[in-house]
Structures are given as structure tokens and as C-alpha cells.
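# Tertiary structure, described
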Amino acid sequence: MFKRLGDTGATLTLTVDGKPIRARIGDTVAAAMLAAGIDHCRTTPVSGAPRAPYCLMGVCFECLVTVDGVGSRQGCLVPVAEGMKVETQLGKREAGR
Amino acid sequence: MNESYDLVVIGGGPAGLAAASTAARAGLATVLFDENPGIGGQIYRGITANPVRNRAILGEEYWAGTALAAEAKASGATIVNGATVWSLDASLAVGVSVAGRARTIQARRVIVATGALERPFAIPGWTLPGVMTAGAAQTVLKAQGLLPNGRTVLAGSGPLLWLLAAQMLRAGARLEAVFDTTPPLNWSRAALYLPDFLLSPYFKKGLALMREVKRRTKVRAARHIEAVGTDKLREVVVDGRRIPSDLLLLHQGVVPNVNLAIAAGIDHRWDARQLCFVPVLDADFGSSVPGIAVAGDGAGIAGGTAAAERGRIAAIAAVRALAPDAAVPDPQSARQRLQREELGRAFLDELYRPPKALRRPEGGTIVCRCEEVTAAEVRKTAQMGCEGPNQMKAFLRCGMGPCQGRLCGLTVTELIAEERGRTPDEVGYYRLRPPVKPITLGELASLPASEAERRAVER
């Protein structure tokens, strides 16, 4: 969906669901996922529908991901770091279970 | 970071940067908190570390932010990025979380400069991956140098839509089309304000942008927009015409980001021209809560340059209250510049007033993205007797997901108002409470607790 304008700047590697992706220093987690062609970052707790970043400015909470074990982080506000472990958030709410 | 400051500024866009600079230069101990990795807010996002080498892409308007950022850095204000403010109250205690640690900072004055967000654009399919706001595409272009590379469609109305189209075209993006949803009838009301607009700085800039975009891509008038796909966007349907697409960028203006201000107890009212809630403010942008001012677009939409002037005016008032002998710039000159910036606003508000059909959805269109609540459900519940957004939460959970109503609040208020024949002011907005941003229990637990607080929960 997105490409980089120029290949400027140093890169680093993080993993998304265990798969390594290259990112640029200065990327946020959400931007790095978009640049890597990852088309959604979570599924909703209500219907399980896939969602991808919508606003990229910290208000829509669609880019929620697990970062280094902490759930529901806003991917658009977290800068990437070498070796960071990102996981997509999956699963419907299981009310009454 | 200290435990207390004379002035806490929340938000590092033009209003916050100008406010922090003005106050710090006058000698106030000033801290600026911003949740993003860098200062600049949305309009000057990425201004201190921009990967876009060709300055013409973003335009000179954008690079004007460099001076503001440099001024703030040189002013002596403490600037903290990656700082999430999750609470503010009438005692002027600011709850903030930085690098996984929460603390409470005591302020003598607070300037809320939390800016704007894009107005909800609830159309069928707007929750699909592949549908984003125009502002989102602009954000990654500014801060990360990312450009859409699939079949891209822009739809909506307002100055930002034209600016983004121009910036993307300059950067080499291919746009399938720009669909302009501005209702043609808006021109008749807007025309009343045309004389002022002709004198405003936005007139020439806006005209040049529209010409640039129209020269390089298809621009079509549109009324009905629909995003279609199952797991992601496959096509955009515009007035019945199907356009295979990978990315749909939506925009219909911006509205104040009110969450922190409302949670702090600041009175808001419905602005009938801008179709949103705005804080009730005095001439110095002071709010109904003593000691808290709201500057920038959070005080009502007026644009980035106006935001900086508002920030200065609010900061001068703070200095005069706390340090009457300190030398401050004359607020009159800031007020004059602000007036000039605001001159064309009525024209823009009337011209780009989004049509009812795109503000008040029907049927199965999702209104609350987080809890997947549809327009039909909200309308039916209002018809059954539900009188306001807070009661609506009990029926439908709308506004109770992670975004805390930011993406559905205005839609829900307008739908209830329409169904019950009330004004949006009578219907009101969601009751918002801290924390207004998510924090972990660990962060909360890391707050220093006094002996009395500890004893209060001991058995």
C-alpha cells in the first residue's frame, strides 16, 4: 500500500508475529508495518474483523498491537527499536466464557 | 523533570510550541508534554527530523514550522516527547506517563493545546483495512517519507484534501481520482463571506493548490461514497460507479480534540457553524476551569498559523498572572495577526460544511468503530426514548471502546439530535473521565503515594 520515497536513513530489524521486517530509524511501529506491506494489525473484539491503522495520529486506536509483551499499545505512537517484538492482536471477545 | 512547574503545556503543535516559548522566555518554569516521538503536532509533524529531502513536496507552509520548533528549543522550556498526558483536573495536577512511568506534575497554570482530529466520515466500509484518513497519509509522508503506491482514491472536502493531493502528486504518487463531496449549494451561503476571504492569506494559497491538483489529476464532484471489500478494500463505489482501489483516503474537515479538556471539567458548547463542540473561552483563551486555557485548534478550528498566535496570547496571560513584573510581548500584535488569520474562516466553514448525508449515516453503516455499533442501532435506540450519548452507552456500548468516543462522539450526538428533534447542545456529548489515554496498571501503581493515601486503602 505504501512505498518509501527514498532509501535514506539507517535501518533496523524488528519482528512482527515472529517474522523479521526492516524498518527505518524514525519509523513508528504502525508506519513500519505499513511500509512492510502488513495489511492489518489487529482483529476486533466484537466481530473479529481485521483492522489497519486509520488516523496515524493517536486518536483512532485501530493500530493497537502488542509491543514487547505489553498489549494494546498504539502502534502509531511507539518508535521502532532494534529487536522489538511486535504481535498483532487477534481474537473475538469471549463474553460469558 | 521537576515535580511542579509554573506552566504545563500539553501538546507540541504550533499552539503548544508558541505558548511554551513565550512563557519560558518570560521566565516561567515551563514544561511541554507531547505524546508523539517528535514536536510539531500534526501540521508540522516530523519538522525536526524529516526524511523528505525535496522541500518542494511538503511546501513552504510546512517548513515555516522550523522556526517555531527552533524557538521552542532555544526558549528554555523543558520539552518532553513520548509523554502521554492521561489526566488533568481543577487542582491543576497533570497525570503524565513517560517511558512506562507515571507521575503527577503540579502546575500553577495549564495550557491545553491538544489540537484537532479529522471529523468522523462514517460511510459504508470505512472500517476496512485500506481506508484511512487523508491526514494519516499525510502523517506518514511527513514523518516517514511513505507514499501510497497502489490505486489511490481521495474523497471528501476541505483544504487539507487539496493540500494532501498536491503533496502526493509532487512526490510522484498516482491518484486514480479526487472525489469532491462539497455540496454545490454551500457556495450560496459561503458567498456572503467571500469579501473577507479574498483578503485572507488562504485565498491565494487555496486557489493555487486547487489549480495544481486539477491540472494533474481527475477531480469529480461526488455525493455518495462507499468502500467495498471483505477483508480489505477492493473498490470504491462513487454514486454507483465502481473504481477498483487499494487505498481510499477520506477527509471532511477537522474538529477540536476535546477529550482531555472535557475530562478536566471545562465547559463546552456546540458551534453551529463548525458543527462540533468547542470550549467556552475568554479573550485570553482561559476556560471555565480557573488556571486552564485552551489554545490552538482545540479552541475551535482556525488553522496552524492562528494556533500559534492563540498559544502566545494564552501564554502572555499566564505570565501576567504568575509574574506581573516579567517582560512579555504586547498581546495586541498577536491579536491583530490572529484576526487576520481568522478573516477567511467563515467562508471556509460555510463552503466546506459537510453535507448531512455524510455526517448522519443510516442503516448498517458503522458509527462506533471500536464497538461496531451501526447507525440503525443508534437511531432506533434514540427513537425508543434514549435521550443522550451517555444513556446510549448503556444500551449499545458506543463510545466505550479504546478510542473513548473520539471517532463516533459527534456522529452519535447528531444522530440522537435528529431522531429526537433536539439541538446538539441539548443532547450533549459523552461524559469523559480520566485516564483519557490508556496506561497500564503498572504505570498507575508506580505513582508515588503519600502515607495518607496508603492508609486510606489499608484494612
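Residues numbered from 1 in each chain as written. Chains lettered and ligands numbered in written order. Predicted model: local features only at pLDDT ≥ 70, side-chain atom pairs only at ≥ 80, totals over all residues. Heavy atoms only, no water.

Taken residue by residue, the interface counts 38 residues in chain A and 52 residues in chain B. With a closest N to O distance of 2.7 Å, B:R369 and A:E62 form a salt bridge. Those elements that place two or more of their residues in the side of chain A that touches chain B are strand 1 (2–4), helix 1 (29–35), strand 5 (50–51) and strand 7 (70–74) of chain A. When its residues are assigned to classes, the side of chain A that touches chain B shows 22 nonpolar, 8 polar and 8 charged. The pairing of strand 1 of chain A with strand 9 (residues 146–148) of chain B spans 3 bridges and is antiparallel. Each bridged residue has a counterpart across the sheet, and for A:R4 the counterpart in strand 9 of chain B is B:L146. (Contact = heavy atoms within 4.5 Å. Salt bridge = Lys/Arg side-chain N within 4 Å of Asp/Glu carboxyl O. Helix = DSSP H or I, 4+ residues; strand = E, 2+ residues; numbered from the N terminus. Nonpolar A, V, L, I, M, F, W, Y, C, P; charged D, E, K, R; others polar. Pairing = 2+ DSSP bridges.)

All names here are of chain B. For helix 15 (residues 375–383), the set of buried residues is A375, V378, R379, T381 and A382. The buried residues of helix 15 occupy an angular sector of 165° when projected down its axis, which confines them to one face. Facing away from the buried surface of helix 15 by more than 90 degrees, the exposed residues are K380 and Q383. Buried residues along helix 15 sit in contact with strand 21 (366–368), strand 22 (373–374), helix 16 (389–396) and helix 17 (409–420). G385 lies just past helix 15 and shows a positive phi near 125°. (Buried < 20%, exposed > 50% of the residue type's maximum accessible area, 1.4 Å probe, protein only. Arc of directions from axis to C-beta.)

Another point: the nonpolar core. Residue and element names in this part refer to chain B. Core analysis: the largest hydrophobic core is formed by 183 residues, its most contacted members being V8, F33, V110 and L248. Looking at this core, the element that brings in the most residues is helix 11 (residues 304–322), giving 9 residues. If sequence neighbours within four positions are ignored, V8 has contacts with V31, F33, V94, I105, A107, R109, V110 and I111. (Core = buried A, V, L, I, M, F, W, Y, C linked by side-chain atoms within 4.5 Å.)

The subject of this paragraph is the pattern of salt bridges. All names here are of chain B. As enumerated under the stated definition, the model contains 28 salt bridges over all chains in all. For the salt bridge of R454 with E451, the shortest nitrogen-to-oxygen distance reads 3.8 Å. Here E451 and R454 lie together in helix 20 (residues 451–456), a separation of 3 residues that amounts to about one turn. Accessibility expressed as a relative area gives 41% for R454, which makes it partly exposed. In the salt-bridge network here, residues are joined through shared partners; they are R359, R360, R379, E414, E418 and E419.

All names here are of chain B. With 16 residues, helix 9 (residues 201–216) should reach 22 Å at 1.5 Å per residue; the first-to-last C-alpha distance of 24 Å fits that figure. Along helix 9, the residues that are buried comprise P201, Y202, L209, E212 and V213. Seen along its axis, helix 9 keeps its buried residues to an arc of 105°; they face one direction. Facing away from the buried side of helix 9 by over 90 degrees, the exposed positions are K204, R211 and R215. Among the residues of helix 9, the N-terminal cap falls to S200, whose side-chain oxygen and the backbone nitrogen of Y202 are separated by 3.0 Å. (Expected span 1.5 Å × (residues − 1). Polar contact = N/O pair within 3.5 Å; in protein donor to acceptor, adjacent residues only side chain to side chain.)

So, about the packing of aromatic side chains. Two measures describe an aromatic ring pair: the distance that separates the ring centres and the angle between the ring planes. Residue and element names in this part refer to chain B. According to the stated counting rule, one finds 8 aromatic pairs over all chains in the structure shown. Taking NZ or CZ as reference, R55 lies 4.5 Å from the ring centre of W63, over its face. Positioned above the aromatic ring of W126 is the side chain of R369, whose terminal nitrogen or guanidinium carbon lies 4.7 Å from the ring centre. (Phe/Tyr/Trp six-rings, centres within 6.5 Å; stacked < 30°, edge-to-face > 60°. Lys NZ or Arg CZ within 6 Å of the ring centre and 35° of its normal.)

Moving on to the environment of B:V8. All names here are of chain B. Inspection of the secondary structure puts V8 in strand 1 (residues 4–10). For V8, a relative accessible area of 0% gives the class buried. Sequence-wise, V8 and V31 are 23 residues apart; in three dimensions their C-alpha atoms are separated by 5.1 Å.

Residue and element names in this part refer to chain A. Overall, mixed pairing links the 5 strands, which are arranged 3-2-8-6-7 in an open sheet. Looking at the sheet topology across the chains shown, the edges are occupied by strand 3 (19–24) and strand 7. When strand polarity is set aside, the average angle formed by the axes of neighbouring strands in this sheet is 40°. The pairing of strand 6 (residues 64–67) with strand 7 spans 3 bridges and is classified as antiparallel. Pairing of V67 across the sheet is with V70, part of strand 7. (Axes fitted to C-alpha atoms, helices over the stretch in contact; angles between N-to-C directions.)

Moving on: the sheet that holds strand 11 (residues 175–180) of chain B. Residue and element names in this part refer to chain B. A sheet is described by the order of its strands in space; here 5 strands give the open sequence 8-16-10-11-12, paired in parallel fashion. Among the strands making up the open sheet, the edge pair consists of strand 8 (131–133) and strand 12 (219–221). When strand polarity is set aside, the average angle formed by the axes of neighbouring strands in this sheet is 25°. Alignment of strand 11 against strand 12, held across 3 bridges, turns out to be parallel. The residue of strand 12 that forms the bridge with F179 is R220. Packing against the sheet, helix 5 (residues 134–144) makes contact with strand 8 and strand 16 (247–252), and its axis sits at approximately 75° to strand 8.

Time to look at unusual backbone geometry. Residue B:P435 is reached from B:P434 by a cis peptide bond, and omega for that bond is 0°. Here B:P435 shows up in the loop between helix 18 (424–427) and helix 19 (441–445). Unusually for a residue other than glycine, A:F61 sits at a positive phi of about 60°. As for its position among the elements, A:F61 is in the loop between strand 5 and strand 6. For A:F61, a relative accessible area of 1% corresponds to the buried category.

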